[in-house]
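Notes for the structure review
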Amino acid sequence: MKPLAENAVIGIIGGGQLGRMSALAAAALGYRAHIFAPKGDAPATDIANAATRADYTDTEALKTFAQAVDSIICEFENVPVEAMDFLAQHRPVCPGSAALQCAQHRLNEKDKARALGIPTPRYVAVNDATSLAEALAEFGGGILKTCRLGYDGKGQLRLDAGSDAATAFASLQSDDLILEEFINFTAEVSFLVARAHDGTLATWAPSLNQHRGGILHSTEAPAPEAIITPKLKKIGSEAAGALAENLDLRGVLAVEMFVASDGQLLFNEIAPRPHNSFHWTIEGAETSQFSQLIRIAAGLPLGSTEAIGHWRMTNILGEDLARLNEALSETGTYIHRYGKAEARTGRKMAHLNQRLKN
Ligand code: AMP
């Protein structure tokens, strides 16, 4: 792809914080941002050059948007695949159809990982209370998840072998479910890979993640070698690269994994977009995940993914806003607010990147 000239327009599908940070990265590289997002709070639009507020199914709006931009990225993996396919007829798009399709369904993700030889927890499709009862007996309990649209621990239920299958099945209000074996993991880790239009790959140092109540609380990066050994780092990075290649991904792909008690890395899920656990790369890497995505969309060469020091990224939820006042007087702490209109409990409002050591 020929590099885009200064002031070219990057179209961003989705109007949340990932779109906002992508738009900031676009500006730093001399590009303008045009956001496409449905009506509602869309903090990315505050700092973009233009915004289209329409549904992802509005073909007329998608067409006008495509004509107004030079290249398109996606900050949200649940955009209808048909919308992205339509846009791809007009402009280069990231991450591409195969990656979106895979990431939108938990069974697809795990089947894909298995097909590539990447170990996963045991899992089985659940479509009714009977199949759930059988699966619970086989796995001795597990985590029941909706296959589509779950995020931040929503749409999932921890069950034990004796749980009532009919009640559990009814409570998730879907017949497209997956039961996964419960993994007693020693750590949660994520890997991030960038893949350019010509197939070049680059990976960042992995992130060690702490969740609270199903929501990412904080990330330490690069993940300490005592936990993510060089061998595990290699295995995880290669798995991320293999997934990106197999899905013909353009852009960035995050892969979440568990370290099981026997030391094995087990695949959990993918996200074909910038990922919360790599927000530390804004100050903590030579090229941030957002800047890299813009480089790819613009046809520029990939930047170095080398880490600069050690970092802790902490999410600030609606109930944590007071923490931002303390951060204002801390040296080595970088504040990133998202400009959301309303602070709600459990809603991601900002994050802090703290330098731990150089
Ligand atoms: P997910 O939406 O799949 O990322 O799940 C949210 C969080 O639930 C994960 O980050 C884990 O902390 C936990 N979790 C999900 N799946 C499993 C599993 N199979 N075994 C143990 N914990 C899990």
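Residues numbered from 1 in each chain as written. Predicted model: local features only at pLDDT ≥ 70, side-chain atom pairs only at ≥ 80, totals over all residues. Heavy atoms only, no water.

What to know about helix α8 (residues 230-246)
The first and last C-alpha atoms of α8 sit 24 Å apart over 17 residues, in line with the 24 Å expected at 1.5 Å per residue. Looking at α8, one finds that the buried residues are Leu-232, Gly-236, Ser-237, Ala-239, Ala-240, Gly-241, Leu-243 and Ala-244. Looking at the buried residues of α8, the elements they touch are α5 (106-115), β9 (187-195), β10 (201-203), β13 (251-259) and β14 (265-271). Asp-248 sits one or two residues past α8 and shows a positive phi near 50 degrees. (Helix = DSSP H or I, 4+ residues; strand = E, 2+ residues; numbered from the N terminus. Expected span 1.5 Å × (residues − 1). Buried < 20%, exposed > 50% of the residue type's maximum accessible area, 1.4 Å probe, protein only. Contact = heavy atoms within 4.5 Å.)

Details of the domain arrangement of the protein chain
For the protein chain, the assigned domains are domain 1 (9-103), domain 2 (122-180) and domain 3 (185-356). On a C-alpha basis, the centroid separation for the pair domain 1 and domain 3 is 21 Å. Taken together, the contact between domain 1 and domain 3 spans 28 residues of the former and 31 residues of the latter. Between domain 1 and domain 3, a total of about 2300 Å² is buried, with carbon and sulfur atoms accounting for 69% of that surface. Taken together, domain 1 and domain 3 are joined by 2 salt bridges. When contributions to the side of domain 1 that touches domain 3 are tallied by element, the ones reaching two or more residues are α1 (17-28), β4 (71-74) and α4 (97-103). (Domains from an automatic or database assignment. Buried area = accessible area lost by both parts, 1.4 Å probe. Salt bridge = Lys/Arg side-chain N within 4 Å of Asp/Glu carboxyl O.)

Focus on the sheet that holds strand β7 (residues 156-160)
Spatially, 4 strands are ordered β5-β8-β6-β7 in an open sheet, and the strand pairing comes out antiparallel. Either end of the sheet is taken by a strand with one partner, and the two such strands are β5 (123-126) and β7. Here the average twist between neighbouring strands, direction ignored, is 25 degrees. (Pairing = 2+ DSSP bridges. Axes fitted to C-alpha atoms, helices over the stretch in contact; angles between N-to-C directions.)

A few points about the pattern of salt bridges
The tally for this structure, following the rule as stated, stands at 13 salt bridges. Where Arg-347 meets Asp-41, a salt bridge forms, and the shortest distance between an N and an O atom there is 3.3 Å. Of this pair, Arg-347 sits in the loop between β16 (333-337) and β17 (348-357) while Asp-41 is found in the loop between β2 (32-37) and β3 (50-53), placing the two residues 306 residues apart along the sequence. Arg-347 sits in the buried class, given a relative accessible area of 17%. With a closest N to O distance of 3.1 Å, Arg-323 and Glu-330 form a salt bridge. Salt bridges sharing partners connect three or more residues here, namely Lys-110, Lys-145 and Glu-180.

Brief notes about the layout of surface pockets
Considered as a void within the structure, the second largest pocket measures approximately 180 Å³ in volume. Lining the second largest pocket are 13 residues, and of these Met-21, Leu-24, Ala-25, Ile-282 and Phe-290 lie nearest its centre. Going through the elements one at a time, α1, α10 (289-298) and β16 are the ones with two or more residues in the lining of the second largest pocket. The dominant element in the lining of the second largest pocket, judged by the number of residues it contributes, is α1, at 5 residues. Here the lining of the second largest pocket is composed, by residue class, of 8 nonpolar, 3 polar and 2 charged. Here the lining of the second largest pocket gathers at least three residues from each of two domains, domain 1 (9-103) and domain 3 (185-356). (1 Å grid on protein atoms, 1.4 Å probe; cavity = no way out; pocket = protein on both sides within 12 Å on 5 of 7 lines; lining within 4 Å. Points joined across faces, edges and corners; volume = space filled by probe spheres on them. Nonpolar A, V, L, I, M, F, W, Y, C, P; charged D, E, K, R; others polar.)

Concerning the site of the ligand
Not every one of the 15 residues close to the ligand is listed here, only the nearest: Arg-106, Lys-145, Ile-183, Glu-188 and Glu-269. Gln-156 places a polar side-chain atom, nitrogen or oxygen, 3.1 Å from an oxygen atom of the ligand. One of the backbone nitrogen or oxygen atoms of Glu-181 is found 3.0 Å away from a nitrogen atom of the ligand. Taken by itself the ligand offers 470 Å² of open surface, and the protein chains cover 92% of this. When residues of the shell around the ligand are traced back to their parent elements, those giving at least two are β6 (141-146), β13 and β14. Residue composition of the shell around the ligand, by class: 5 nonpolar, 3 polar and 7 charged. The residue makeup of the shell around the ligand includes at least three contributed by each of domain 2 (122-180) and domain 3 (185-356). (Near = heavy atom within 4 Å. Polar contact = N/O pair within 3.5 Å; in protein donor to acceptor, adjacent residues only side chain to side chain. Areas by Shrake-Rupley, 256 points an atom, 1.4 Å probe, with all protein chains shown as cover.)

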